[in-house]
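# Fold and contact review
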Amino acid sequence: MRDYPFSEVESYDSSINKNKYNLFNLRKFNVHKNGKCGIIIRTKDRPILLARAINGVLNQSYSNWHIYLVNDGGNKEILEKVLKPYIPLLNNSITIIHHEKSLGMETASNSALKAMKDCNYVVVHDDDDSWHPDFLKEAVSFLENPENSIFGGVVTDCEVVYEEIKGDTIVEMRRERWGFLPDTPLIDLLNIIPNNLFPPICFLIRKEVFDLVGEFNSESPVLGDWDFNLRVLMSCDIGRIPKVLAYYHHRVTKDAYGNSVHAQGDLHLKYNILYRNSWVRLLLQQNPGYLGLLHMLLLRLNHIHWDVNSPQWATPVIQFSVRGNKIIEPLRIIYRIIKKVKEKFKR
């Protein structure tokens, strides 16, 4: 029995040994033309949201897709009632998978993967999120550009949509730009190590990538997407489209319609810590000497700070900031300090 909650270490080792990276000797993927998208929709007793998700897929300007709808322990009759008006429109482009009881988000995704046939791309579209009509068109076009064959997937920018459910109506409260995705042409592995940078609704993945990194990890009820994203980046790169083409919907409630970030906030914090512990534990088991290095670095980060506003501005002082479970990278803090120092000298 493993003592870490998320990741199969064996799969990482075999992937790393198999790929034997050299600098800039980048993996290249097969480039398809008009490839088929496998859309995984996970749902459980949220008919209002599911109807919106189905409508959003039907309204996509790119038409080569197939929905794999996983009913994760929800009421079958309610689901069939929601789907009934859409079945003629879907034209056999949907496969419905029922779990008799809820098995969790990542297991639901894996059930869809096992049922998937003839798909070149995969995307997880939770029942509460939505897309711009051109999401699939733009993301597929990016991955089918031969110049982008080094990318195992692509993310788009997104907005967070805050909403409430009132009766049978979804009421939008406000929108804001998703603030965790850096303005870079591709995803930087160093940026995603401290915390996840993007939700699944933004991310179209080449199906081949699953042969490299394995399926979604079902050992944790939350944060499986972060674990998967890290495993992808350990094997290949992820491109970025700097357009808002996806919408990450939040409902700040703890009922069935609540977004998991809010409805299961305590669980997110618990498994965030468990996940970090598992990686640090693995590192120290492989080389206990790293404990001294980590101790020294963390001690310095906790107690060193440059007080640029005092006469003795060069006094070492860096504060390591923690905001909830979001760790602010020390390099960003150092960048701000250096910026202040430069401004001080300009005066």
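Residues numbered from 1 in each chain as written. Predicted model: local features only at pLDDT ≥ 70, side-chain atom pairs only at ≥ 80, totals over all residues. Heavy atoms only, no water.

### So, the packing of aromatic side chains
Keep this limit in mind: Centres within 6.5 Å make a pair out of two Phe, Tyr or Trp rings, where for Trp the six-membered ring is used; the pair is then stacked when the planes are under 30 degrees apart, edge-to-face when over 60, and tilted otherwise. Relative accessible area decides the class of each residue, using a 1.4 Å probe on protein chains only: under 20% of the type maximum gives buried, over 50% gives exposed, and in between gives partly exposed. The numbering of helices and of strands both runs from the N terminus, where a helix is a DSSP run of H or I of at least 4 residues and a strand a run of E of at least 2. Placement of a positive charge over a ring is assigned whenever Lys NZ or Arg CZ falls within 6 Å of the ring centre and within 35 degrees of the normal to the ring plane.
Applying the stated criterion to the full structure yields ten aromatic pairs. Pairing phenylalanine 198 with phenylalanine 203 gives two aromatic rings, centres 5.2 Å apart and planes at 75 degrees, and the pair type is edge-to-face. The same class applies to phenylalanine 198 and to phenylalanine 203, which are both buried. Measuring from ring centre to ring centre gives 5.2 Å for phenylalanine 210 and phenylalanine 228, while their planes differ by 25 degrees; the resulting arrangement is stacked. Of this pair, phenylalanine 210 sits in helix H8 (residues 209-213) while phenylalanine 228 is found in helix H9 (residues 224-233), placing the two residues 18 residues apart along the sequence. With respect to class, phenylalanine 210 is no different from phenylalanine 228; both count as buried. Linked through ring pairs, Trp178, Phe180 and Tyr248 together constitute an aromatic cluster. Note that arginine 175 overlies the ring of tyrosine 247, its terminal NZ or CZ placed 5.0 Å from the centroid.

### Quick look at the nonpolar core
This is how it is decided: Buried Ala, Val, Leu, Ile, Met, Phe, Trp, Tyr and Cys residues form a nonpolar core when they are joined through side-chain atoms within 4.5 Å. Only heavy atoms matter for contacts: two residues are in contact if any of them lie within 4.5 Å across the pair.
Core analysis: the biggest nonpolar cluster contains 75 residues, and Ile39, Ile67, Trp131, Leu136, Phe198 and Leu204 have the highest contact counts within it. Setting aside anything within four residues of it in sequence, one finds isoleucine 67 in contact with Ile39, Ile41, Ile54, Val57, Leu90, Ser93, Ile94 and Thr95.

### Quick word on the pairing of strand E4 (residues 121-124)
Both faces of the sheet carry side chains from a regular strand, because those side chains alternate between them. Applicable threshold: Strands are labelled as partners when DSSP assigns at least two bridges between them.
Going residue by residue along E4, you find Tyr121 and Val123 tucked away on one face and Val122 and Val124 tucked away on the opposite face as well. Taken together, the four bridges between strand E1 (residues 37-43) and E4 define a ladder with parallel strand orientation. Bridge pairing in E4 places isoleucine 40 opposite valine 124. Two elements, E4 and strand E8 (residues 203-206), share two bridges in a ladder whose sense is antiparallel. When the bridges of E8 are listed, valine 122 appears paired with isoleucine 205.

### Considering unusual backbone geometry
Look at asparagine 92: it is not a glycine, yet its phi comes out positive at around 65 degrees. Looking at where asparagine 92 falls in the secondary structure, it is placed in the loop between helix H4 (87-90) and strand E3 (94-99). In this structure asparagine 92 comes out as exposed when scored by relative accessible area, which is 70%. Positive phi outside glycine occurs at aspartate 118, with the angle close to 55 degrees. Relative to the helices and strands, aspartate 118 is located in the loop between helix H5 (105-115) and E4.

### Overview of the packing of helix H2 (residues 47-58) against helix H3 (residues 76-83)
Which entries qualify depends on this criterion: Every axis in this analysis is a line fitted to C-alpha atoms, fitted for helices over the stretch in contact. Angles between the N-to-C directions lie between 0 and 180 degrees. Rotating anticlockwise by less than a right angle from the far helix to the near helix defines a left-handed crossing, while the corresponding clockwise rotation defines a right-handed one.
Their axes nearest at 10 Å, the elements H2 and H3 cross at an angle of 35 degrees. Read as a crossing pair, H2 and H3 show a hand that is right-handed. Here Pro47, Leu50, Ala51 and Ile54 of H2 come into contact with H3, specifically with Ile78, Leu79, Val82 and Leu83.

### What to know about empty space enclosed by the protein
Going by this rule: The distinction between a cavity and a pocket rests on a 1 Å grid over the protein atoms alone: a 1.4 Å probe fits inside a cavity but cannot get out, while a pocket stays open yet meets protein on both sides within 12 Å along at least five of seven lines, and a residue with an atom within 4 Å of a point counts as lining. Grid points are joined across faces, edges and corners, and a volume is the space filled by probe spheres set on the points.
For the structure on display, the rule yields four cavities of 30 Å³ or more. In this structure, the largest cavity occupies an estimated 110 Å³ of space. Lining the largest cavity are 13 residues, with Pro200, Phe203, Phe216, Asp225 and Asn229 sitting closest to its centre. If one sorts the elements of the lining of the largest cavity by residue count, H9 sits on top with three residues.

### As for the environment of leucine 113
Within the fold, leucine 113 resides in helix H5. We classify leucine 113 as buried; its relative accessible area is 12%. Placed 45 residues apart in sequence, leucine 113 and tyrosine 68 show a C-alpha to C-alpha distance of 8.4 Å.

### Quick word on the side chain of glutamate 144
Operational definition: Polar contact is the term for a pair of N or O atoms within 3.5 Å; when the atoms are in protein, one must be able to donate a hydrogen and the other to accept it, and sequence-neighboring residues count only if both atoms are side-chain atoms.
Considering the arrangement of structural elements, one finds glutamate 144 in the loop between helix H6 (135-143) and strand E6 (151-166). Of note is the side chain of glutamate 144, whose polar atom sits 2.8 Å from the side chain of tyrosine 121. Not counting the four nearest positions on each side in its chain, glutamate 144 is found in contact with Val31, His32, Lys33, Asn34, Gly35, Tyr62 and Tyr121.

### Considerations on the pairing of E6
With twelve of 16 residues buried, E6 lies mostly within the body of the structure. Bridge count for E6 against strand E9 (residues 237-250) is eleven bridges, and the pairing is parallel. By the bridge assignment for E9, cysteine 158 is matched with alanine 246. Linkage of E6 to strand E7 (residues 169-177), two consecutive antiparallel strands, is achieved through a turn of two residues, within which glycine 167 is found at a positive phi near 65 degrees.

### A look at the pattern of salt bridges
Side-chain pairs of opposite charge can arise whenever the charged atoms involved come near each other. Threshold: Think of a salt bridge as a Lys or Arg side-chain nitrogen and an Asp or Glu carboxyl oxygen that are within 4 Å of each other.
If you walk through the whole model with that rule in mind, you get 18 salt bridges. Here glutamate 106 makes a salt bridge to arginine 42, at a shortest N to O gap of 3.8 Å. One end of the pair, glutamate 106, is in helix H5; the other, arginine 42, is in strand E1, with 64 residues separating them in the sequence. Overall, the relative accessible area of 5% leaves glutamate 106 in the buried class. A relative accessible area of 9% places arginine 42 in the buried class.

### Considerations on the confidence of the model for the protein chain
The criterion, for reference: The quantity known as pLDDT measures the predictor's confidence residue by residue, on a range of 0 to 100.
Model confidence for the protein chain is summarised by a mean pLDDT of 82, while 76% of its residues fall at 70 or above. Residue range residues 1-19 is modelled with pLDDT below 50. Its contacts to residues more than four positions away, or to other chains, number 42 contacts. Here residues 305-328 is a poorly scored stretch, pLDDT under 50, and it has 61 contacts once near neighbours within four places are set aside; other chains count.

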